[in-house]
Amino acid sequence: MPTIDALAERLSSYLEPDQIKQVCRAYHYAEQAHEGQFRRSGDPYIIHPLAVANILSDMHMDSQSLMAAMLHDVIEDTIVPKDALVQQFGDTVTELVDGVSKLTHIKFESQEEKQAGNFQKMALAMARDIRVILVKLADRLHNMRTLDSMPPEKKRRIARETLEIYAPIANRLGISNIRIELEDLCFKAMHPMRSNMIRKAVKAARGNRSELVDKINGALKKRLKEEGLTIRVMGREKHLYSIYRKMKEQKKSFKQIMDVYGFRIIVDSVDSCYRALGIVHNLFKPVPGRFKDYIAIPKANGYQSLHTTVVGMGGVHIEIQIRTEDMEAMAHNGIAAHWLYKDEEDESHSRGSQRARKWVQGLLELQQRAGNPQEFIESVKVDLFPDEIYLFTPKGRILEMPKESTAVDFAFSVHTDVGNSCVGCRIDHQLAPLSTKLSSGQTVEIITAPGARPNPSWLNFVVTSKARSSIRHFLKNQKVDESLSLGKRLLNSALSTFRLQMDDIDPAHFELLAKEFHVEHFEALLEEIGLGSRVPQGIARRLAVLNAGKEEAISDDHAQDQLAIRGTEGMVVTYAKCCSPIPGDDIVGYASAGRGLVIHTTNCKNMLELLDQADKCIHLSWDAEISQDFSVTLRVWVENGRGLVAQLASSVTEADANLEQISIGDKDERVSVLSLRIGVHGRKHLARVMRKLRLNKSVTKITRLKNASKN
Ligand code: MN
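I will try to describe carefully the structure that is included in this document. (Residues numbered from 1 in each chain as written. Predicted model: local features only at pLDDT ≥ 70, side-chain atom pairs only at ≥ 80, totals over all residues. Heavy atoms only, no water.)

With that settled, consider the overall build of the protein. Across its full length, the protein carries 28 helices and 19 strands. Among the 711 residues that make up the protein, the fraction classed as buried is 49%. Considering only intrachain contacts with a sequence separation of at least 6, the fraction spanning at least 24 residues in the protein is 66%. In the structure as shown, the protein presents an accessible area of about 35,000 Å², 50% of it carried by carbon and sulfur atoms. (Helix = DSSP H or I, 4+ residues; strand = E, 2+ residues; numbered from the N terminus. Buried < 20%, exposed > 50% of the residue type's maximum accessible area, 1.4 Å probe, protein only. Contact = heavy atoms within 4.5 Å. Areas by Shrake-Rupley, 256 points an atom, 1.4 Å probe, with all protein chains shown as cover.)

Right, dumping it as structure tokens:
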């Protein structure tokens, strides 16, 4: 059974003593956290993280990756919170652990084969730090190695998923050691009989072949050494899964495949590669059309080597690969290979990811120079797809969408009908507003209602052209009388902010306005409002002016409010008490009959109930320049003590905020919960106030009150 001491011993070959100490510390921390947990095999749980770290150490991964490996199931499977890991091991290691946990959450079950490519892309996109993927691959490798303790059905499912997702990812990153082992383990789990047969056949063939292998090996070595090259020559065997695949895909018999002998020649420089090739071609007759120069034109995953096939003794075909030590390391460990080379001055995360990015960049350039970019486009990524996000439907289908896409964009990309009738959505099972910006990995369920229709205000936030054109198209095609009545409703709600209704207005004023706006009838204006091509507030304001007979009469009692939110000029604006929005929050306006436009935060619970009244909800944004104060309530947990209230009050003042009210809620002997209403300019200011308050030793927790009961 592997031990931490044995690992530490091996790490000393390439890590500094204090780095090894950190890895051991992570081990002991994880061991304690997983105390009392067991693997299905009956082993103590810690065996698993230790094995994962061992796999990574074979690739000479850095100490942070190894620490993350030790801790990779701690957030997920133990009571240790993320914060505790940050405190113990810092941000970078915690981010790695968190990234691995998140990848675990991607559900692969309901996945169709053709979408495997998408999954790979998503997995890669979600891992900002490529080391997350490497830890995850090592995790999966160990789980595959210990698959036997699983029930058969689960075994097959995991193997299938591994073959469709993880092996191709390993391949894309050029980590062939892991890819090959994963493939063989999957093959064994999915087709135990076939795997066993091929394994036995290979063993038998090896005996028959050994004499010839030795002969070829001897001949190659002798000749290359005579020419003064420093070389290593080794025989190669195909792995079981690749033999099986060749038999199946190329319809070859086992004998045909085994009749080909594979050798690898490792030399000391690129120059020697070509020299060795010349020597080999001189020794054995090359098979025409089989020479490939992957040194000049590397494969998409960075693989470099010369390949040739020659005819050897007795007419057997010999496949030969020629490469340098560096290329050999790259061929086995791929993207992980660049951690092999230690950077003395800085082992930090940014340096690591910089190098990873450079590696990818280098590949990209090579590929472009080679004039063969198409394969690569689909390939490796650290930040190669910064503009795409990947989302799930509840049934597990993946949609690829542009960054910043909202739930409405999502609805339209599922189907135009879904977009046209959507009224709300659930993001990861939580009810959320349709304007919510989505991020990679979320599951989005669109709620539709019969008879619902697109809201003109959606045009303010959708980003996909499909959603935009579909909404416009729908609005244009609604029956004229529908848009008329919607226009009327919208204008009426805009007028209500001036305490007016359309019935209050002199019909002559309507005709006057029609002339001003160059339309034939006032109805045409209402239609345009209903179609979303004209904003009702401006027209309402103009009508109010005409109605009052002079400009000043409607002059701005709410001058400050009007400045605070874009597009609300001339409206009565109030701020909902339940969620107390402040500048910087995402906001929605709800046009209520008596109170004008009530502003809520988009995630306010009360607002969620109102969002299906699409015609009354308007998505808004804050004005850039706001000078007024906004009230917000903080709940502050404090340990009781003398003079506390005064201390808190002065903290608020020191942060240039206005303390409007302070009251004591729950109180027991040790702890009180205070309610502080303060006036701030916006979110940043609020953050400053909260920081100041936290400096008081007796303060244990602060939250912003966001869902006060409705009042
Ligand atoms: Mn694990």
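Okay, the sheet that holds strand E16 (residues 630–639) next. Consider a sheet: its strands pair through backbone hydrogen bonds, and that pairing is either parallel or antiparallel. Taken in spatial order, the four strands line up as E17-E18-E16-E19 in an open sheet, and their pairing is antiparallel. Looking at strand neighbours, the two that pair on one side only are strand E17 (658–667) and strand E19 (699–704), the edges of this open sheet. Between one strand axis and the next, the sheet turns through 25° on average, direction left out of account. Sheet topology places E16 next to E19; five bridges connect them, and they run antiparallel. Each bridged residue has a counterpart across the sheet, and for Trp637 the counterpart in E19 is Lys701. (Pairing = 2+ DSSP bridges. Axes fitted to C-alpha atoms, helices over the stretch in contact; angles between N-to-C directions.)

Let us now look at the coordination of the manganese ion. Surrounding the manganese ion are the protein donor atoms His48 (NE2), His72 (NE2), Asp73 (OD) and Asp139 (OD), which sit 2.2 to 2.5 Å from the metal. The sequence pattern describing where the donors of the manganese ion fall on their chain is H-x23-H-D-x65-D. Taken together, the positions of His72 in the loop between helix H4 (63–71) and helix H5 (74–77) and Asp139 in helix H8 (residues 130–145) put the pair 67 residues apart, joining distant regions of the chain. (Donors = N, O, S within 2.8 Å, 3.2 Å for Na, K, Ca; no water.)

This part is about the environment of Ser405. With respect to the helices and strands, the residue Ser405 is situated in the loop between strand E8 (398–402) and helix H18 (407–414). You can call Ser405 buried: its relative accessible area is 0%. Excluding residues that lie within four positions of it along the chain, Ser405 makes contacts with Ile389, Thr436, Lys437, Leu438, Val463 and Thr464. There is a polar contact of 2.6 Å between the side chain of Ser405 and the backbone oxygen of Pro402. (Polar contact = N/O pair within 3.5 Å; in protein donor to acceptor, adjacent residues only side chain to side chain.)

A sheet is described by the order of its strands in space; here three strands give the open sequence E10-E9-E11, paired in antiparallel fashion. Edge positions in the sheet fall to strand E10 (430–432) and strand E11 (444–448), since each has one partner strand and no second. Strand-to-strand twist in this sheet, taken as the mean axis angle between neighbours without regard to direction, amounts to 35°. Examined bridge by bridge, strand E9 (residues 422–427) and E10 share three bridges and lie antiparallel to one another. For Ile427, the partnering residue across the bridge sits in E10 and is Gln430. Its contacts with the sheet put H18 on E9 and E11, and the angle it makes with E11 is roughly 80°.

The final tally for this structure, using the stated rule, is seven aromatic pairs. Ring plane angle 25° and centroid distance 4.6 Å describe the contact between Phe187 and Tyr244, whose orientation is recorded as stacked. With Phe187 in helix H10 (residues 176–190) and Tyr244 in helix H12 (residues 240–249), this pair connects stretches of sequence that are 57 residues apart. A relative accessible area of 1% places Phe187 in the buried class. Given a relative accessible area of 11%, Tyr244 falls into the buried group. Feature note: the residues Phe187, Tyr241 and Tyr244 constitute an aromatic cluster, connected by ring pairs. (Phe/Tyr/Trp six-rings, centres within 6.5 Å; stacked < 30°, edge-to-face > 60°.)

Of all nine residues in H4, nine are buried; the element is thus mostly enclosed. For H4, the full list of buried residues reads Ser63, Gln64, Ser65, Leu66, Met67, Ala68, Ala69, Met70 and Leu71.

This part is about the nonpolar core. With 75 residues, the main nonpolar core has Leu56, Met70, Leu71, Leu85 and Ile178 as its most contacted residues. Looking at which element gives the most residues to this core, the answer is H8, with nine residues. If we skip the residues at most four places from it in the chain, Ile178 touches Ile55, Met59, Leu137, Leu141 and Ala170. (Core = buried A, V, L, I, M, F, W, Y, C linked by side-chain atoms within 4.5 Å.)

With a phi close to 70°, His429 is a non-glycine residue in the positive phi region. On the secondary structure map, His429 appears in the loop between E9 and E10. For His429, a relative accessible area of 68% translates into the label exposed.

Here the focus is helix H11 (residues 192–226). A maximum bend of about 50° is found in H11 at Arg209. Within H11, burial applies to Ser195, Ile198, Val202, Ala205, Arg209, Ile216, Asn217, Leu220 and Leu224. A positive phi of about 85° marks Gly228, the residue just after H11. (Bend = angle between axes of the 7 residues up to and from the residue.)

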